[in-house]
Amino acid sequence: MHFFGFYVYFCTIIYKYIKMNYEDLLESMNGAALAKEVMPFGQFYKKMTDGKYVNVVDLHEELLDSLVFTDALTAECEVNKHLDHKGQLHFTVETDSDGICAVKVEQGTFHTYERLLEDSPAIVAGKSFIFNTVTDLLDLMAYLHDQGICHVCYAPNNVLSRKGDTHPLLLFHGSAYKAMNNLPQLFGESNADYLAPEVLENGTFDERSDIYSLGKFIEFLYRQSEIPIELRGVVKKATDPDPDNRYQTPEDMKHAMTSRKSLRESFLLGIAALLVVCFCFSLYFTLVPEREDIEFVKPAPKQADDDLLDDGGYGSNTDLDNIDDSLGTNVDKHIMKEYEAKAEQIFRKRFAQRAEAILSRIYDKEHMGSTSKDFMAGSMSTMEELVEVQQQLGREAGLDPSRSQLVATQIIDQVTSRLKARLDEREKAQRDGE
């Protein structure tokens, strides 16, 4: 009897403990659901309506008092219905007796990129996180530009993502509110750094203003570390104060990013392969014993008269009737191939000279005698210069960018191998002289 009473008492305590933890969990979940995030136009959070949570944006009071803003918001809502892109969020306008009061956003659990990096700062170091985020935004930007829409402000509190996913999403777009004539005030002083100079000065914008703002967004992603060398030039060009000096389209900026990333990977792969080859040669000459060379002399084989070529350069069995006499129909194509081959020949010659001059600065006794880590660090400083030379000479020769990139990679491998072999010969000659 006493044991049964103790058992009931013990179960009661466990039940109260579990119930208390469950209620605490519900309370913390509700608190997280109702947490508000500040966006340029208002506060974004989940609101309980009819027993379920919905995403809402409580617009700032000063914006609701502006008839120009409410008209622009209503017009954007109509345009938003027809935007069909995975990176575009959709919304509807909520009204009450006083007019527009809030905006209802599509279902899902979202947070701003500002909150994402506050909660998980280590995500920036993930493989391809920044590259994928930026290229996704460039694809979305290109789609919006085709619709005549500019986002204007790519501030981290104006770019969203779903919880558990890092794919970037956009909601409101600045070009819909150009009639307000005060976009800097609309987006707030805290986001002024993400607005292009022309937007801050006179409120004008175009597609290049989005390029500038996205460049500033990239700088935000790297705020805790140094921008990699292959992206440094891209960000510098994108954030140029003069719109004419920036990338003119999202496609141009995306091509620059992918080509620099590919060239960097090819360069590093070539360096790694060269180090492996050097190690293998060193291991081979160390382990394999020297062999005595023995010269064997063989008599020349007797050649039959029937195998000799006739005076015209053709064998006796050559069928001249199989010669294709229809080349005249392909004259234009042949001329085009000759032109492309000539352009590639010019590019190869000029790039080989420039590449050898550039790479010769790191393939000397001082650099090659250092550790592999120091050698890799020193060689990376030539990357930017090689990329610029490849793009410049490719344009001057009229060569396709993808072809010039492939040819440049091949030439870099050839030049590095030749310079390394030359350095090995010098060191061997020096050892023999000693």
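Fair warning: this is a prediction, and the values are worked out from it, not measured in the lab.

Draft legend 1. Here's a closer look at helix 5 (residues 129–146). Here helix 5 spans 26 Å end to end across 18 residues, near enough to the 26 Å set by a 1.5 Å rise per residue. The buried count for helix 5 comes to 13 of 18 residues, which makes it a mostly enclosed element. Trailing helix 5 by a residue or two, glycine 148 shows a phi angle of about 75°, which is positive.

Draft legend 2. Examining the sheet that holds strand 4 (residues 91–96) more closely. With respect to topology, five strands assemble into an open sheet ordered 1-2-3-5-4, the strand pairing being antiparallel. Either end of the sheet is taken by a strand with one partner, and the two such strands are strand 1 (37–39) and strand 4. Pairwise comparison of adjacent strand axes, ignoring direction, gives a mean angle of 40° for this sheet. As defined by bridge partners, strand 1 adjoins strand 2 (residues 42–49) across three bridges and the pair is classed as antiparallel. Considered in strand 2, the bridge of methionine 39 is made with glycine 42. Sitting on the sheet, helix 3 (residues 67–80) touches strand 3 (52–59), strand 4 and strand 5 (99–105), and the angle it makes with strand 4 is about 140°.

Draft legend 3. Here's a closer look at the packing of aromatic side chains. Using the criterion set out here, one finds ten aromatic pairs in the structure. Between phenylalanine 41 and phenylalanine 69 the ring centres are 5.7 Å apart and the planes differ by 85°, which places this aromatic pair in the edge-to-face class. Here the residue phenylalanine 41 occupies a position in the loop between strand 1 and strand 2, and phenylalanine 69 occupies one in helix 3, the gap between them amounting to 28 residues. Take phenylalanine 41 and phenylalanine 69: they sit in the same class, and that class is buried. With a centroid separation of 5.5 Å and 15° between ring planes, the pair formed by phenylalanine 347 and phenylalanine 351 is classed as stacked. Here phenylalanine 351 and phenylalanine 347 lie together in helix 11 (residues 331–359), a separation of four residues that amounts to about one turn. Using a relative accessible area of 0% as the deciding quantity, one classes phenylalanine 347 as buried. An aromatic cluster is present here, built from Phe41, Phe69, Phe91, Phe172, Tyr177 and Phe187 joined pairwise through their rings.

Draft legend 4. Up close: the sheet that holds strand 8 (residues 168–169). Across the sheet, three strands lie side by side as 6-7-8; this open sheet has antiparallel pairing. At either margin of the open sheet sits one strand with a lone partner, and together these are strand 6 (110–112) and strand 8.

Draft legend 5. Fine view of the environment of leucine 231. Tracing the sequence through the fold places leucine 231 in helix 9 (residues 229–238). Of the residues examined, leucine 231 reaches a relative accessible area of 9% and is grouped as buried. Sequence spacing of leucine 231 and phenylalanine 131 is 100 residues, and the spatial spacing of their C-alpha atoms is 9.5 Å.

Draft legend 6. Representation of the side chain of glutamate 76 within the structure. Note that glutamate 76 resides in helix 3. As a buried residue without a salt bridge, glutamate 76 has its nearest oppositely charged side chain in lysine 178, at a separation of 13 Å. There is a polar contact of 2.9 Å between the side chain of glutamate 76 and the backbone nitrogen of histidine 173. Among residues more than four places away in sequence, those in contact with glutamate 76 are Phe91, Leu171, Phe172, His173, Ala176 and Tyr177.

Draft legend 7. Representation of the nonpolar core. Judged by nonpolar contacts, the single largest core of 68 residues is most densely connected at Phe41, Leu59, Leu73, Phe172, Tyr177, Leu214 and Met253. Considering each element in turn, this core owes the most residues, nine residues, to helix 5. If we skip the residues at most four places from it in the chain, leucine 73 touches Leu59, Phe91, Val93, Ile100, Val103, Phe172 and Tyr177. Formed by 19 residues, the second largest nonpolar core is a distinct cluster that contains Ala355, Leu393, Ile411 and Val415.

Rules used throughout
Residues numbered from 1 in each chain as written. Predicted model: local features only at pLDDT ≥ 70, side-chain atom pairs only at ≥ 80, totals over all residues. Heavy atoms only, no water. Helix = DSSP H or I, 4+ residues; strand = E, 2+ residues; numbered from the N terminus. Expected span 1.5 Å × (residues − 1). Buried < 20%, exposed > 50% of the residue type's maximum accessible area, 1.4 Å probe, protein only. Pairing = 2+ DSSP bridges. Axes fitted to C-alpha atoms, helices over the stretch in contact; angles between N-to-C directions. Contact = heavy atoms within 4.5 Å. Phe/Tyr/Trp six-rings, centres within 6.5 Å; stacked < 30°, edge-to-face > 60°. Lys, Arg positive; Asp, Glu negative; His and termini not counted. Salt bridge = Lys/Arg side-chain N within 4 Å of Asp/Glu carboxyl O. Polar contact = N/O pair within 3.5 Å; in protein donor to acceptor, adjacent residues only side chain to side chain. Core = buried A, V, L, I, M, F, W, Y, C linked by side-chain atoms within 4.5 Å.

Don't take any of this as a statement about function, it's just geometry.
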